[in-house]
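Structural overview
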Amino acid sequence: MASISTYVAGLDKALDGGIPEGNTVLIVGGPGTMKSTFAYSVLHRNAMNGTPGLFVSLEQPASDVVQKMAALGMPPLPEDKLYVMDMSQLRLALRDKEKEKDWIKILSKLFEEAVNAGGYRLFVLDSLEVLYAIVEFKEVRRELFHFVGMLKELGFTPLLVAEVPLGAPAREGRPEDFLADGIILLEQFPVGAMGVQLRMRCVKMRGSHHDRGYFLIDWEGGKFLATKAIQQ
Ligand SMILES: Nc1ncnc2c1ncn2[C@@H]1O[C@H](COP(=O)(O)OP(=O)(O)O)[C@@H](O)[C@H]1O
Ligand SMILES: [Mg+2]
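Since the structure is predicted, the reported quantities are computational estimates derived from the model, not experimental observations. (Residues numbered from 1 in each chain as written. Chains lettered and ligands numbered in written order. Predicted model: local features only at pLDDT ≥ 70, side-chain atom pairs only at ≥ 80, totals over all residues. Heavy atoms only, no water.)

**A short note on the nonpolar core**
To keep it simple, the criterion reads: Here, nonpolar core refers to any group of buried Ala, Val, Leu, Ile, Met, Phe, Trp, Tyr and Cys residues whose side-chain atoms link them within 4.5 Å. Remark: exposure states derive from per-residue accessible area (1.4 Å probe, protein chains only) relative to the maximum for the residue type, with buried under 20%, exposed over 50%, and partly exposed in between. For the purposes of this entry, the term helix denotes a DSSP run of H or I that reaches at least four residues, the term strand denotes a run of E that reaches at least two, and both are numbered from the N terminus. Note on contacts: a residue pair is in contact if any heavy atoms of the two residues lie within 4.5 Å.
Core analysis: the biggest nonpolar cluster contains 41 residues, and Leu 54, Leu 107, Phe 111, Leu 131 and Phe 147 have the highest contact counts within it. With 8 residues, the top contributor of residues to this core is helix α6 (residues 103–118). In this structure Leu 107 touches Leu 90, Leu 94, Leu 131, Phe 147 and Met 150, once residues within four positions along its chain are discounted. Formed by 36 residues, the second largest nonpolar core is a distinct cluster that contains Leu 15, Ile 27, Tyr 40 and Leu 198.

**Topic: the pattern of salt bridges**
Defined as follows: Salt bridges are defined by distance alone: a side-chain nitrogen of Lys or Arg within 4 Å of a carboxyl oxygen of Asp or Glu.
Considering all chains together, one arrives at 9 salt bridges under this definition. One salt bridge connects Asp 211 with Lys 228, and the closest N-O pair in it is separated by 2.9 Å. Within this pair, whereas Asp 211 is found in the loop between β9 (195–205) and β10 (214–220), its partner Lys 228 is found in strand β11 (residues 223–228), the two being separated by 17 residues in sequence.

**A look at the packing of helix α2 (residues 35–48) against helix α3 (residues 62–71)**
Just so we agree on the cut-off: A fitted line through C-alpha atoms serves as each axis, taken over the contacting stretch for helices, and the angle formed by two N-to-C directions is quoted from 0 to 180°. Any angle that falls under 35 degrees is termed roughly parallel, while one over 145 is termed roughly antiparallel, one within 65 to 115 roughly perpendicular, and all others oblique. The residue classification treats Ala, Val, Leu, Ile, Met, Phe, Trp, Tyr, Cys and Pro as nonpolar and Asp, Glu, Lys and Arg as charged. All others, Gly included, are polar.
Across the interface, α2 lies against α3 with an axial gap of 11 Å and an inter-helix angle of 85°. One finds that α2 runs roughly perpendicular with respect to α3. Seen from α2, the contacting residues are Ser 36, Thr 37 and Tyr 40; seen from α3, they are Val 65, Val 66 and Met 69. Broken down by class, the residue content of the contact of α2 with α3 amounts to 4 nonpolar, 2 polar and no charged.

**Describing the site of ligand 1**
Quick reminder of the rule: When we say a residue is near a molecule or strand, we mean one of its heavy atoms is within 4 Å of it. As used in this structure description, the phrase polar contact means that two N or O atoms lie within 3.5 Å; if the pair is within protein, one of them must be able to donate a hydrogen and the other to accept it, and residues adjacent in sequence are counted only when both atoms belong to side chains. Values of accessible area rely on a 1.4 Å probe in the Shrake-Rupley scheme; residue burial ignores everything except the protein chains shown.
Taken together, Gly 30, Pro 31, Gly 32, Thr 33, Met 34, Lys 35, Ser 36, Thr 37, Leu 72 and Trp 219 form the complete shell of residues around ligand 1. Taking Lys 35, its side chain carries an N or O atom lying 2.7 Å from an oxygen atom of ligand 1. Considering ligand 1 on its own, with 570 Å² of exposed area, one finds that the protein chains cover 57% of that surface. Ranked by the residues each element gives to the shell around ligand 1, the list is headed by α2, at 3 residues. Residues that form the shell around ligand 1 fall into these classes: 4 nonpolar, 5 polar and 1 charged.

**Concerning the packing of α6 against helix α8 (residues 140–153)**
Using the following cut-off: Each crossing is labelled by how the near helix is turned from the far one, with a counterclockwise turn of less than a right angle marking it left-handed and a clockwise turn marking it right-handed.
One way to put it is that α6 packs onto α8 with a least axis distance of 10 Å and a crossing angle of 15°. Classified by the angle their axes make, α6 and α8 are roughly parallel. Every pair of crossing elements has a handedness; the one defined by α6 and α8 is right-handed. Note on element contacts: α8 touches α6 through Glu 143, His 146, Phe 147, Met 150 and Leu 151, opposite Trp 103, Ile 104, Leu 107, Ser 108 and Phe 111. In the contact of α6 with α8, the residues fall into 7 nonpolar, 2 polar and 1 charged.

**What about the side chain of Asp 181?**
With respect to the secondary-structure elements, Asp 181 resides in the loop between β7 (157–163) and β8 (182–191). Of note is the side chain of Asp 181, whose polar atom sits 2.6 Å from the side chain of Arg 206. The contact partners of Asp 181, leaving out residues within four places of it in the chain, are Gly 22, Asn 23, Thr 24, Lys 152, Lys 204, Met 205 and Arg 206.

**Points about the sheet that holds β7**
Put simply, the test is: A pair of strands counts as paired when DSSP detects no fewer than two bridges linking them.
Here we have 9 strands laid out as an open sheet, ordered β5-β4-β6-β7-β3-β8-β9-β10-β11, and mixed in their pairing. With one partner strand each, in any of the chains shown, β5 (82–86) and β11 form the two edges of the open sheet. The average undirected angle you get between the axes of adjacent strands in this sheet is 25°. Note: β9 against β10, 4 bridges, orientation antiparallel. Bridging across to β10, Leu 198 finds its partner in Ile 217. The sheet strands contacting helix α4 (residues 87–94) are β4 (53–57) and β5, and the helix crosses β5 at an angle near 60°.

**Thoughts on the packing of aromatic side chains**
Rules: Two rings from Phe, Tyr or Trp (for Trp, the six-membered ring) form a pair when their centres are within 6.5 Å of each other. A pair whose planes differ by under 30 degrees is stacked, one over 60 is edge-to-face, and the rest are tilted. The rule for a charge over a ring is simple: NZ of Lys or CZ of Arg within 6 Å of the ring centre, and within 35 degrees of the ring normal.
According to the stated counting rule, one finds 9 aromatic pairs in the structure shown. A centroid spacing of 5.5 Å and a plane angle of 40° characterise the contact between Trp 103 and Phe 147, whose relative ring orientation is tilted. Highlighted residues: Trp 103 in helix α6 and Phe 147 in helix α8, separated in sequence by 44 residues. In this structure, Trp 103 and Phe 147 share a single accessibility class: buried. Following the ring pairs from residue to residue traces out a cluster consisting of Trp 103, Tyr 132, Phe 137 and Phe 147. A cation over a ring is seen here: Arg 141 above Phe 178, with NZ or CZ 4.3 Å from the ring centre. A cation over an aromatic ring shows up here: Arg 199 above the ring of Phe 189, its NZ or CZ 4.5 Å from the ring centre.

Any functional reading would require information that these geometric values do not contain.
Below is the structure:
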């Protein structure tokens, strides 16, 4: 099966090449664990290497995302390579909801138009929590299942950002967990008395003989470095 490189060297190796194409992958972590940066960097690097992507930002206006990511070393790309769509576009589309009632159909049309125009193959939703806040789910599992099905039908490999509240216990019973083909976890963890480091691990990845171990994550010169954490 073809795989999508994350362009994070250690992670691609752990994933046995990358994310199998078409897999729905949750990017899970607490606030400030660089979930948005990671998701954007996967799209940015793929876009520069010929695989265009659509980044749907529900947490920040598109212009803020582009600007912040540029400051982190990922310069803006033309819309046909990396298209950042934000809440205002979604809200505008969802205004028809009164007439149509089905939010998935409305978003499907919006994303289909984008795919037809730009041929996007990768998709990021940042974040699921905000989607839960703006769309009234009646049956969350069923609706999420259809939402993800719609993204796959459009040919996307969907990456969905899921935020864990700070200090929350282990995630249990999250509605999105059941539909994930893959889960990549980002965590801040204490080092010594004062320090904090960032680590990442692949919890699950269907279709890949992956490594489950932790990687230390560093952001340098516009890209992530992942090094295998060695037990001290
Ligand atoms: N090594 C680093 N270099 C640059 N910025 C960093 C670094 N480590 C953390 N940051 C900062 O971390 C913040 C959080 O990243 P973000 O992707 O927004 O996290 P999340 O989406 O998980 O809340 C960013 O604003 C970024 O500026
Ligand atoms: Mg974020």
